[in-house]
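Residues per chain, in single letters:
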Amino acid sequence: MNLKLKVWRQAKGSEKGCLEEYDAKDVSPDMSFLEMIDVVNQGLVAKGVEPIAFDSDCREGICGMCSLVIDGVAHGSEKGTATCQLHMRKFKDGQTLTIEPWRAKAFPVVKDLVVDRSAFDRVIQAGGYVSVNTGSAAEANSILIGKDIADTAMDAAACIGCGACVAQCKNASAMLFVAAKASQLAVLPQGQVERHRRALSMVAHPFPFLSLRAAMDRATCLRVSRKWLTAIWSSSGLPSVPSVAAQQCIRRGIPVNPLPPPTGNSSAGMSPCRSPSPEGWK
Ligand code: SF4
Ligand code: FES
């Protein structure tokens, strides 16, 4: 396959960025998206051009490091799939792809496609934990947990903290992330004691993306979540993100309609060059 790439290049956060065009030639359909960029980077290095900086670690959909907006959709349009698990067979020969970093003020660009997601770490620090006494591990059977509860907690724990939900939300809300991190412990007996304080600490955290404004985006975070976390809300009995979102929409007079499919239009109408944090960014 041969593809044309429009890639966001930005030397550092304080400088202007720009979409630059590259050819990706002889791409195997079996390559992952990140392997395709590796090949492009090899070609750039051979020509003495600075390679494209992007994040990755596990490359198997676990760590949440890979973070690319592909044709306007965080992680691309393949449902429940992290960028590293997206394969080139999902694209067509001759296609032009636009690759951008997560676009949210809470995730400032470090370089090219790399963003600083330490805001998520600070949210976890605020309440994404349970307190345990140090010492030897407790006997596993001392607190019995039903399979349904364990499964629900595990579903919530499937959130890999990638940030796609924030990047996709027009308000850059981290509602889905916070809800996953609150409920993965709150449904377990070990999480009961601190659950109210932890949840309040997380939602009270002073980050611009932590408001409950996901509503205004009609919960598009659910569309891009790497783990398709909707199941958590339907099975846990916890307040549902979509229903909270819908209530907020109704309060603001915004019609609550079924979600349209991702449009992949983040670059539509944008100038090819723009400042690091243009006003249109969240
Ligand atoms: S909720 Fe989904 S999209 Fe958001 S950080 Fe977790 S895995 Fe990523
Ligand atoms: S590189 Fe770890 S989830 Fe993609």
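Just so you know, these numbers come straight off a predicted model, no measurement behind them. (Residues numbered from 1 in each chain as written. Chains lettered and ligands numbered in written order. Predicted model: local features only at pLDDT ≥ 70, side-chain atom pairs only at ≥ 80, totals over all residues.)

Q: Looking at this model, I keep getting lost on the overall build of the chain. Mind explaining?
A: Each helix and strand in the chain was counted, giving nine helices and eight strands. A buried classification covers 37% of the 282 residues belonging to the chain. Sequence-distant contacts, at least 24 apart, represent 73% of the contacts inside the chain between residues at least 6 apart. (Helix = DSSP H or I, 4+ residues; strand = E, 2+ residues; numbered from the N terminus. Buried ≥ 20, exposed ≤ 12 C-beta atoms within 10 Å, placed from the backbone. Contact = placed C-beta atoms within 7 Å.)

Q: I'm lost on the pairing of strand 1 (residues 3–9) in this one. Help?
A: Moving residue by residue along a regular strand, the side chains alternate between the two faces of the sheet. One ladder, built from seven bridges, connects strand 1 with strand 2 (residues 17–24); its direction is antiparallel. Paired with Lys6 across the strands is Glu21, a residue of strand 2. In terms of strand pairing, strand 1 meets strand 5 (residues 96–100) through four bridges, oriented parallel. Looking across to strand 5, one finds that Lys4 is bridged to Thr96. (Pairing = 2+ DSSP bridges.)

Q: I'm lost on the environment of Arg59 in this one. Help?
A: Tracing the chain through its elements places Arg59 in the loop between helix 1 (33–46) and strand 3 (69–70). Since 16 C-beta atoms lie within 10 Å of it, Arg59 is described here as partly exposed. C-alpha of Arg59 to C-alpha of Cys84: the two residues are 25 residues apart in sequence and 5.0 Å apart in space.

Q: Please clarify how the confidence of the model for the chain should be interpreted in this entry.
A: Averaged over all residues, the pLDDT of the chain equals 78, while 72% of them reach at least 70. Across residues 230–246 the pLDDT falls below 50, and counting only partners more than four positions away or on other chains, this stretch makes 31 contacts in the model. Confidence drops under pLDDT 50 across residues 254–282; counting only partners more than four residues distant or on other chains, this segment forms 44 contacts. (pLDDT = per-residue confidence, 0-100.)

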